[in-house]
Amino acid sequence: MTAQPGRDTSGSEAAESLEEAADNTGLDVMARTGFAVMALLHILIGAIAVSVAFGGYGEAETSGAIGPLARSEPFGPALMWAGCAFCSSLALWQLAEATVRARHKPGKERLSKGISSGSLFFIYGSVALTFAAFARGRGKDSGDRTADFSAAVLDSPAGAPALGCVGALVVGIGAYFVFKGSARRFRPELRYFEDTRRGHLLNALGVAGHVAKGIALVLVGSLFITAAVNHRADESTGLDGSLQSLLQYPLGAPLILAIAVGLICYGIFALARARWGRM
């Protein structure tokens with residue numbers, strides 16, 4: 001029994017050391033740059049989606065935005081490794097948010113932060129891996145990678161229920177983005193421009209961007225759920241597949257265009273947040 005306080009003290013000291021390491025200026029700069037990279041990817045994906053809405057060709061997803069950059073000479077590989085480093089730093093920053101920083105919060109808030117920042121850790125980490133794959137010349141279509149992931153989950157012991165849970169989680173994150181945008185819950189992230197003309201513009205961009213990003217995530221999550229119900233991994237094709245499926249409907253193209261413009265709005269908002277906002 002006497003050893004327990006020592007273990008608690010040791011664990012607390014370790015957590016404090018990790019938190020101190022996570023709060024260093026270097027990681028903050030790298031994470032902010034990573035957030036700016038994510039912002040630029042949203043703008044590129046939105047631009048590709050605009051082309052899709054008008055019947056053009058393009059893959060409105062992460063690989064579709066990264067691929068052309070990877071093929072640019074002579075800076076392609078350097079850009080890919082830089083993107084990997086910045087997004088990895090952003091993922092580590094979110095991991096710290098979900099663990100050592102969240103420990104100071106009350107129980108429910110700690111759980112909520114752990115889920116939200118933990119999910120972002122995996123999202124930003126996957127983008128970092130995508131950059132690394134393109135840097136090594138092994139870049140793969142995001143839709144194919146999503147289908148491969150779905151197939152691996154379906155073939156696992158957990159099977160369809162696990163894939164359905166993944167879809168439900170993505171839908172839940174999307175619903176939260178819609179709520180965050182419509183309720184303007186993002187405003188504390190950019191107090192720097194509060195009550196200014198730029199602030200009003202950023203508020204409008206934030207509303208449109210968060211709602212559009214949320215709708216896009218709901219579409220992606222719905223395909224995961226559909227793949228789980230039908231036990232067909234090829235029905236889970238990521239954002240590009242979701243948008244392409246909308247073209248089958250009369251109002252599909254206008255809806256894609258609205259989502260595309262919203263993603264561009266989110267990218268512009270995120271660029272401002274990366275520079276001046278609270279991470």
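Thresholds, definitions, all that
Residues numbered from 1 in each chain as written. Predicted model: local features only at pLDDT ≥ 70, side-chain atom pairs only at ≥ 80, totals over all residues. Heavy atoms only, no water. Axes fitted to C-alpha atoms, helices over the stretch in contact; angles between N-to-C directions. Helix = DSSP H or I, 4+ residues; strand = E, 2+ residues; numbered from the N terminus. Parallel < 35°, antiparallel > 145°, perpendicular 65-115°, else oblique. Left-handed = near helix turned anticlockwise from the far one by under 90°. Contact = heavy atoms within 4.5 Å. Nonpolar A, V, L, I, M, F, W, Y, C, P; charged D, E, K, R; others polar. Patch = residues over 30% accessible without salt bridge, like charges linked within 9 Å, V, L, I, M, F, W, Y side chains within 5 Å. Areas by Shrake-Rupley, 256 points an atom, 1.4 Å probe, with all protein chains shown as cover. Salt bridge = Lys/Arg side-chain N within 4 Å of Asp/Glu carboxyl O. Buried < 20%, exposed > 50% of the residue type's maximum accessible area, 1.4 Å probe, protein only. Core = buried A, V, L, I, M, F, W, Y, C linked by side-chain atoms within 4.5 Å. Phe/Tyr/Trp six-rings, centres within 6.5 Å; stacked < 30°, edge-to-face > 60°. Lys NZ or Arg CZ within 6 Å of the ring centre and 35° of its normal. Polar contact = N/O pair within 3.5 Å; in protein donor to acceptor, adjacent residues only side chain to side chain.

*Asks:* Honestly, the packing of helix H6 (residues 142-155) against helix H8 (residues 197-230) in this entry has me stumped. Any pointers?
*Replies:* Between two packed helices, what matters for the description is the angle formed by their axes and the separation of those axes. Running from N to C, H6 and H8 point in directions that differ by 40°, and their axes come no closer than 11 Å. Regarding the angle of H6 to H8, the classification is oblique. Here H6 and H8 pass one another in a crossing that is right-handed. Counted together, Thr146, Phe149, Ser150 and Leu154 of H6 and Phe224, Ala227 and Ala228 of H8 form the full contact between these two elements. Considering only residue class, the contact of H6 with H8 consists of five nonpolar, two polar and no charged.

*Asks:* Looking at this structure, how should I read a nonpolar patch on the surface?
*Replies:* A grouping of Leu44, Leu69, Phe75 and Leu79 is seen on the molecular surface, where their side chains present a nonpolar patch of about 350 Å² in accessible area. Residue leucine 44 is classed as partly exposed on the basis of its relative accessible area of 33%.

*Asks:* Whenever I open this one, the nonpolar core confuses me. Can you help?
*Replies:* Within soluble globular proteins, side chains that are nonpolar tend to cluster in buried spots. Judged by nonpolar contacts, the single largest core of 51 residues is most densely connected at Phe131 and Leu243. Contacts of leucine 243, omitting those with residues within four sequence positions, involve Ala49, Ala60, Leu219, Ile256 and Ile259. Grouped together as the second largest cluster of nonpolar side chains are eight residues, Phe186, Leu190, Leu202 and Leu205 included.

*Asks:* Would you take a moment to explain the packing of aromatic side chains for this structure?
*Replies:* Each aromatic ring pair is characterised by the separation of its centres together with the angle its planes make. Summed over the entire model, instances satisfying the criterion amount to five aromatic pairs. On the basis of an interplanar angle of 75° and a centroid distance of 6.4 Å, the ring pair of tyrosine 176 and phenylalanine 177 is categorised as edge-to-face. According to the relative accessible area criterion, tyrosine 176 is partly exposed, its value standing at 45%. Among the aromatic side chains, those forming a connected cluster through ring pairs are Tyr176, Phe177 and Tyr266. Geometry around phenylalanine 177 places lysine 213 over its ring, the cationic atom sitting 5.3 Å from the centre.

*Asks:* Looking at this model, I keep getting lost on the side chain of threonine 130. Mind explaining?
*Replies:* Mapping threonine 130 onto the fold places it in helix H5 (residues 107-135). Separated by 3.0 Å, the side chains of threonine 130 and arginine 145 make a polar contact. When near neighbours in sequence (up to four residues on either side) are disregarded, threonine 130 contacts Thr62, Ile66 and Arg145.

*Asks:* Even after reading the chapter, I still don't get the environment of isoleucine 66, so can you show me in this structure?
*Replies:* Topologically, isoleucine 66 is positioned in helix H3 (residues 62-70). Under the relative-accessibility criterion, isoleucine 66 is labelled buried at 0%. The spatial distance from the C-alpha of isoleucine 66 to the C-alpha of phenylalanine 149 is 20 Å, given a sequence separation of 83 residues. Residues in contact with isoleucine 66, not counting those within four places in the same chain, are Leu41, Met80, Thr130, Phe131 and Phe134.

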